[in-house]
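Overview (structure and organization)
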Amino acid sequence: MSLMTMRITSSVMAFTSINLMITNMAPTRADLGFMNGTQQLAMSVVRIFAPIVSGSLWSWSIKHSLPLPFNSHLVWTLSAVLIAIVLKLSYRIPESVNKFAADQPKPVASAEVSDDDETIQDRD
């Protein structure tokens, strides 16, 4: 029972973290719907194909008597490798993801100084 609770809690925390990062990366509030929809689509596609691929790999690995890591532990080994890669990549996420991008002030393009501006500065 405790393993199932831990699995569900981890799943909810992962989904929430991904949702917050996607929301914070939206350039404007108008893009939030599109980005959330794209996120839901990507997660649904993964939820469709992940069991098919992992089930096929597990079935193949138990059918053939190959040495470790290609035996019945193949799916778990690949999962561990994938988790390690994602963990390593997560350290490359910029700190700007912690702030909602649509609320951040836009950088102002530097305008050229006109002759009128120079004369005003010369007077001071």
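Every value quoted in this text rests on a predicted model; they were computed, and no experiment measured them.

Conventions adopted
- Residues numbered from 1 in each chain as written.
- Predicted model: local features only at pLDDT ≥ 70, side-chain atom pairs only at ≥ 80, totals over all residues.
- Heavy atoms only, no water.
- Helix = DSSP H or I, 4+ residues; strand = E, 2+ residues; numbered from the N terminus.
- Buried < 20%, exposed > 50% of the residue type's maximum accessible area, 1.4 Å probe, protein only.
- Contact = heavy atoms within 4.5 Å.
- Areas by Shrake-Rupley, 256 points an atom, 1.4 Å probe, with all protein chains shown as cover.
- pLDDT = per-residue confidence, 0-100.
- Axes fitted to C-alpha atoms, helices over the stretch in contact; angles between N-to-C directions.
- Left-handed = near helix turned anticlockwise from the far one by under 90°.
- Nonpolar A, V, L, I, M, F, W, Y, C, P; charged D, E, K, R; others polar.
- Parallel < 35°, antiparallel > 145°, perpendicular 65-115°, else oblique.
- Patch = residues over 30% accessible without salt bridge, like charges linked within 9 Å, V, L, I, M, F, W, Y side chains within 5 Å.
- Salt bridge = Lys/Arg side-chain N within 4 Å of Asp/Glu carboxyl O.

So, about the overall build of the chain. Each helix and strand counted, the chain has four helices and zero strands in total. Listed N to C, the secondary structure of the chain is α-α-α-α in terms of helices and strands. The buried share of the chain, reckoned over its 124 residues, is 9%. A separation of at least 24 residues holds for 46% of the contacts in the chain among residues at least 6 apart in sequence. Surface summary for the chain: the accessible area is close to 10500 Å², and the carbon and sulfur share equals 68%.

Attention now moves to the confidence of the model for the chain. Looking at the chain, pLDDT values average 80 and 81% of them are 70 or higher. Within the chain, the lowest mean pLDDT, 50, falls on helix α4 (residues 115-123), and the highest, 90, falls on helix α3 (residues 74-90).

This next bit is on the packing of helix α1 (residues 2-24) against helix α2 (residues 32-63). Between α1 and α2, the shortest axis-to-axis distance is 10 Å and the interhelical angle comes to 145°. Here α1 runs over α2; the crossing is right-handed. When α1 is examined against α2, the residues Phe 15, Ile 18, Asn 19, Ile 22 and Thr 23 are found in contact with a partner set consisting of Leu 32, Met 35, Asn 36, Gln 39, Gln 40 and Met 43. Tallied by class, residues from the contact of α1 with α2 come to six nonpolar, five polar and no charged.

What follows covers the packing of α2 against α3. For the pair α2 and α3, the least separation of the axes is 8 Å and the interaxial angle reads 135°. Relative to α3, α2 is oriented oblique. From α2, Ser 54, Leu 57, Trp 58, Trp 60 and Ser 61 reach across to α3, where they touch Leu 74, Val 75 and Leu 78. Taken together, the residues of the contact of α2 with α3 break down into six nonpolar, two polar and no charged.

This part is about a nonpolar patch on the surface. Side chains of Leu 41, Val 45, Ile 48, Phe 49, Ile 52 and Val 53 sit close together on the surface and give an oily, nonpolar patch of about 560 Å² of accessible area. Considering the arrangement of structural elements, one finds Ile 48 in helix α2. Owing to a relative accessible area of 49%, Ile 48 belongs among the partly exposed residues under this scheme.

A few words now on the environment of Asn 71. Within the secondary structure, Asn 71 sits in the loop between α2 and α3. The sequence separation of Asn 71 and Ser 61 amounts to 10 residues, and the corresponding C-alpha distance is 5.1 Å.

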